[in-house]
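Here are the chains, one letter per residue:
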Number of protein chains: 2
Amino acid sequence: MIKLAIDAMGGDNAPSEIVKGVNLAVKEFDDVEFTLFGDEEQIKKYLVPSNRVKIVHAPEALSMGEKDPIRTIRTNKELSLVKAFQAVHDKECDGVVTAGPTQGVIVAAHMIIRRIPGMQRVALCPAMPVVGGKSRLVLDVGANTDIRPEHMLQHAQFASVYVSKTRGIEKPLVGLLNIGTEPGKGRELEKEAFALFEKCESINFYGNVEPKELFTTPCDIIITDGYSGNICIKSVEGTAKAVGIILKEEIGKSFFSKIGYLFMRKTFKNFKYRMSGAEVGGALVFGVDGIVTKSHGSSEAMDFKFAIAQARKAVKGEVVEMMKTYLSLEEQNNEWRI
Amino acid sequence: MIKLAIDAMGGDNAPSEIVKGVNLAVKEFDDVEFTLFGDEEQIKKYLVPSNRVKIVHAPEALSMGEKDPIRTIRTNKELSLVKAFQAVHDKECDGVVTAGPTQGVIVAAHMIIRRIPGMQRVALCPAMPVVGGKSRLVLDVGANTDIRPEHMLQHAQFASVYVSKTRGIEKPLVGLLNIGTEPGKGRELEKEAFALFEKCESINFYGNVEPKELFTTPCDIIITDGYSGNICIKSVEGTAKAVGIILKEEIGKSFFSKIGYLFMRKTFKNFKYRMSGAEVGGALVFGVDGIVTKSHGSSEAMDFKFAIAQARKAVKGEVVEMMKTYLSLEEQNNEWRI
């Protein structure tokens, strides 16, 4: 049985949509047991009882606008998020799913679950829209503002294990985000990372990838530092927002267009949903000793179920165990990877 | 009379679309004289004769895929691009408009026209789509991979002069691209730039802007380093491409949607055009002693005319002269700006 901890109080629509998402997952996956951390009375209002679901009372939620998550998480042990992460640290659960605030999730993963020995930095890895039948991982997108090339290599290795174990792609193709495709492009960081990636036998290195190929590159994984990665995915978000505004403006300009829109309402709805990347699941925190999946803050039941499905796959794939073996082998023989 | 040098051989559709763009501009603006640098015979095929247009024979074009623009520009003085830039350096023309390759344009601006005394770095500043009736400048997007906060401040000052002089916005609002809105976010570069911008009286500083607000921020100008800026605008480009693919996929899924599409064909065409940012003009190179406007490589006549219109406005606004005065004042009194 796979054991998942659920932060039932995290996100804008908690606990109702979170619990409804769990209800859907209980039906769909008979190999998962859930522990819901949250306000018991509230949860019971929405929960379809099952012998695979239990509740641990934790009525306090980490605010979505929390300014100082480090202090709050350190001092308030009653938060549903803290208790859910603690269950993973204590090995009562294999993974945790939350729709709480991103910074809080990274902090809790770091401080409560803790890094895998040998893993130097964690990485945040979001769900990206599926384009051309392919979804890609981009990391790090914000766990580290400053990073070294060897950290980026570990991220590439972790993501390769994850993709091969959860998507059945034997040798996932790894690209390096950069401002040009030729070797030698970018800052010192990219140049050094390129050299390191090229020599490493445990990843299948493709070369540099420009963000204009973000959704068309053959790569399964795109590696970058947390600052550039954050700029990249927030630019995607900003553009998606602009697309909505421009389309609305253009449709408003012509009568024919308005008629066309009536025929295409569902198409635009699907389009919007796909652009959000929600169908792929949540963002993952790579590098800690357990699976951490963050569903987006405004998650509804279906989105949260996707995030649960994603966590389930990662636990089943024994991604963390595989990475631990890698890292302990690396310690024994520091030359294995180069 | 405003005097513009035109690189008639630059871009994928040169010289035909470039010359046709000039024909349109000759009709529209009676205060501009053009010198076309390119293959005389070829140009004459498309040019509508006018006493405000002359041709300087320069049959060689800088290849759009040029790998080593520095060497090529230094050694080949017969290139249409080199001759057009030389005319600006020699003060025969006030500005140059080209659809040649970006790196070549930056190199030529640097090496031939040269920086304004006191200006420490040039910046590349592209045309961004108009959203909500507003177009914004983002810079630098690729002239510098490494940059210091004081360079970013000069870019902010230059862009402020440009926007106030060409768009009539008295105190353009300047934002700093960052991964969060609160002061103290980002790397050391952003933290130092924030402090510098805040103290500077010659710009109207708004604060940090996340790229997810790229098209909705009240800012007129968004300042960043060349690496992050390049990642940002290429992410916009990649997303726009993905939007096209996803929309096509979604439209293909339903019969109703295909009907709707028939009504909306023109809307989608307008949408695509607006997303390209072509209507705003070209990318500008700020910091050199003359106006440099780069129209996109695949420019057609109308796009090139927009880029000419943009160069005309910048020359009329005496943007370079204003910035020169600023910088010489700064030299006289190093305290004026802080």
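As the structure is a prediction and not an experimental result, all values here were calculated from the model.

### As for the overall build of chain A
Secondary structure summary: chain A contains 11 helices and 11 strands in total. Taking 338 residues into account, the globule formula puts the C-alpha radius of gyration at 20 Å, and chain A, at 21 Å, falls close to it. In terms of its C-alpha atoms, chain A occupies a principal-axis envelope of roughly 65 × 60 × 40 Å. Across the 338 residues that make up chain A, the buried fraction comes to 59%. Put simply, of all contacts in chain A between residues at least 6 apart along the chain, 71% involve residues at least 24 apart. Counting only carbon and sulfur atoms, one obtains 50% of the accessible surface of chain A, whose full area is about 14,000 Å². Charged side chains in chain A number 44 positive and 43 negative. The centres of these two groups are separated by 5 Å.

### Side note on the environment of L4 of chain B
Residues and elements named next belong to chain B. By the element assignment, L4 lies in strand β1 (residues 2–7). Through-space distance from the C-alpha of L4 to that of G95 is 5.1 Å; in sequence the pair is 91 residues apart. For L4, the contacting residues outside a window of four places in its chain are V32, E33, F34, T35, C93, G95, V97, I308, A311, R312 and V315.

### Overview of the sheet that holds strand β7 (residues 173–177) of chain B
Residues and elements named next belong to chain B. Read across the sheet, four strands follow the order β6-β9-β7-β8 without closing on themselves; strand pairing throughout is parallel. Each end of this open sheet is capped by a strand with a single partner; those strands are β6 (137–139) and β8 (204–209). On average, adjacent strands in this sheet sit at an angle of 25° to one another, irrespective of strand direction. Where β6 lies against strand β9 (residues 221–223), three bridges are found, and the strand directions are parallel. Bridging from a neighbouring strand, L139 pairs with I223 of β9. Strand contacts of helix α7 (residues 188–199): β7, β8 and β9, with the helix running at about 165° to β7, the strand carrying the most contacts.

### Some thoughts on helix α9 (residues 255–276) of chain B
In the structure, α9 of chain B departs most strongly from a straight axis at M264 of chain B, where the bend amounts to approximately 65°. When we look at burial in α9 of chain B, the residues that qualify are S257, G260, M264, T267, F268, F271, R274 and M275 of chain B. Contacts made by the buried residues of α9 of chain B are with α8 (226–252) and α9 (255–276) of chain A together with α8 (226–253) of chain B. The distance from a side-chain oxygen at the start of α9 of chain B to the backbone nitrogen of F256 of chain B is 3.4 Å, and the residue carrying that oxygen is S254 of chain B.

### Points about the relation of the copies chain A and chain B
Two copies of one chain are present, and they are related through a rotation about an axis combined with an axial shift. If you rotate chain A by 180° and push it 0.0 Å along the axis, it lands on chain B with an RMSD of 0.0 Å. Classification of the inter-copy transformation places it as that of a two-fold axis. Identified as the residue of chain A closest to the rotation axis by C-alpha distance is G260 of chain A, at 1.9 Å. With an isologous cut-off of 70% or more, the 100% of interface residues of chain A that recur at the interface of chain B puts this contact in the isologous class.

### Focus on the packing of aromatic side chains
Taken as a whole, this structure holds 16 aromatic pairs over all chains when the rule is applied. Here the aromatic rings of F256 of chain A and F263 of chain B are separated by 6.1 Å at their centres, their planes lie at 25°, and the arrangement is stacked. Taken together, the positions of F256 of chain A in helix α9 and F263 of chain B in helix α9 put the pair across two chains. We classify F256 of chain A as exposed; its relative accessible area is 52%. The partly exposed category is assigned to F263 of chain B, whose relative accessible area is 30%. Among the aromatic residues, those joined into a ring-pair cluster are F255, F256 and F263 of chain A together with F255, F256 and F263 of chain B. Seen from the ring of Y227 of chain A, R187 of chain B lies directly overhead, with NZ or CZ sitting 3.8 Å from the centre. A cation over a ring is seen here: K305 of chain B above F306 of chain B, with NZ or CZ 5.3 Å from the ring centre.

### Digging into the interface of chain A and chain B
Facing the 56 residues of chain A at the interface are 56 residues of chain B. Both sides together, the interface formed by chain A and chain B hides about 5,000 Å², and carbon and sulfur atoms give 69% of it. When the area that chain A buries against chain B is broken down by residue, the three leading residues are I179, Y227 and F263 of chain A, summing to 14%. On inspection of chain A and its partner chain B, the count reaches 10 salt bridges.

### Section: unusual backbone geometry
Cis geometry marks the peptide bond from A14 of chain B to P15 of chain B; its omega dihedral reads -5°. With respect to the helices, strands and loops of the structure, P15 of chain B is situated in the loop between β1 and α1 (16–28). Cis geometry is adopted by the peptide bond preceding D140 of chain B, which originates at L139 of chain B and carries an omega value of -5°. By secondary structure assignment, the location of D140 of chain B is in the loop between β6 and α6 (149–167). In the Ramachandran plot, R114 of chain A falls in the positive-phi region, its phi being about 80° despite a non-glycine side chain. Mapped onto the secondary structure, R114 of chain A falls in the loop between α5 (102–113) and β5 (123–125).

### Remarks on the side chain of D140 of chain A
All names here are of chain A. R121 is the oppositely charged side chain nearest to the buried, salt-bridge-free D140, at an N-O distance of 7.1 Å. Among the polar contacts listed, one links the side chain of D140 to the backbone nitrogen of G142, at a separation of 3.0 Å. There is a polar contact of 2.9 Å between the side chain of D140 and the backbone nitrogen of A143. With sequence-adjacent residues up to four places away left out, D140 is seen in contact with A123, L124, H155, T224, D225, G226 and G229.

### Overview of the sheet that holds strand β3 (residues 53–57) of chain A
All names here are of chain A. Taken together, seven strands build an open sheet; the order of strands is β3-β2-β1-β4-β11-β10-β5 and the sheet is mixed. Strands with a single pairing partner mark the edges of an open sheet, and in this sheet they are β3 and β5. Sheet twist, expressed as the mean angle between neighbouring strand axes with direction ignored, is 25°. Bridging between strand β4 (residues 95–98) and strand β11 (residues 291–294) involves four bridges; their strand directions are parallel. Bridge assignment links T98 to a residue of β11, and that residue is K294. Contacting β4, β5, β10 (283–286) and β11, α5 runs over the sheet at an angle of about 170° to β11.

### Some thoughts on the confidence of the model for chain A
Here chain A averages 92 in pLDDT, while 97% of its residues score no lower than 70. If you check the scores for this complex, the pTM reads 0.91 and the ipTM reads 0.89.

### Brief notes about the pairing of β7 of chain B
Consecutive side chains along a regular strand alternate between the two faces of the sheet. Residue and element names in this part refer to chain B. Along β7, five of the five residues are buried, which leaves the element largely enclosed by surrounding structure. Burial of the side chains of β7 extends over both faces: L173, G175 and L177 are buried on one face and V174 and L176 on the other. Bridge count between β7 and β8: five bridges; the pairing is parallel. Residue pairing in the sheet places L176 in a bridge with N208 of β8. Following the chain from β7 across α7 to the adjacent parallel β8, one finds a crossover that is right-handed. Sheet topology note: the β7/β9 ladder contains three bridges and is parallel. Within β9, the residue paired with V174 across the bridge is I221.

Basis of the calculations
- Residues numbered from 1 in each chain as written.
- Chains lettered and ligands numbered in written order.
- Predicted model: local features only at pLDDT ≥ 70, side-chain atom pairs only at ≥ 80, totals over all residues.
- Heavy atoms only, no water.
- Helix = DSSP H or I, 4+ residues; strand = E, 2+ residues; numbered from the N terminus.
- Rg over C-alpha atoms; globule rule 2.2 N^0.38 Å.
- Buried < 20%, exposed > 50% of the residue type's maximum accessible area, 1.4 Å probe, protein only.
- Contact = heavy atoms within 4.5 Å.
- Areas by Shrake-Rupley, 256 points an atom, 1.4 Å probe, with all protein chains shown as cover.
- Lys, Arg positive; Asp, Glu negative; His and termini not counted.
- Charge placed at Lys NZ, Arg CZ, Asp CG, Glu CD.
- Pairing = 2+ DSSP bridges.
- Axes fitted to C-alpha atoms, helices over the stretch in contact; angles between N-to-C directions.
- Bend = angle between axes of the 7 residues up to and from the residue.
- Polar contact = N/O pair within 3.5 Å; in protein donor to acceptor, adjacent residues only side chain to side chain.
- Least-squares fit on C-alpha atoms with pLDDT ≥ 70 in both.
- Phe/Tyr/Trp six-rings, centres within 6.5 Å; stacked < 30°, edge-to-face > 60°.
- Lys NZ or Arg CZ within 6 Å of the ring centre and 35° of its normal.
- Buried area = accessible area lost by both parts, 1.4 Å probe.
- Salt bridge = Lys/Arg side-chain N within 4 Å of Asp/Glu carboxyl O.
- pLDDT = per-residue confidence, 0-100.
- Right-handed = clockwise from strand over helix to strand, strands pointing away.

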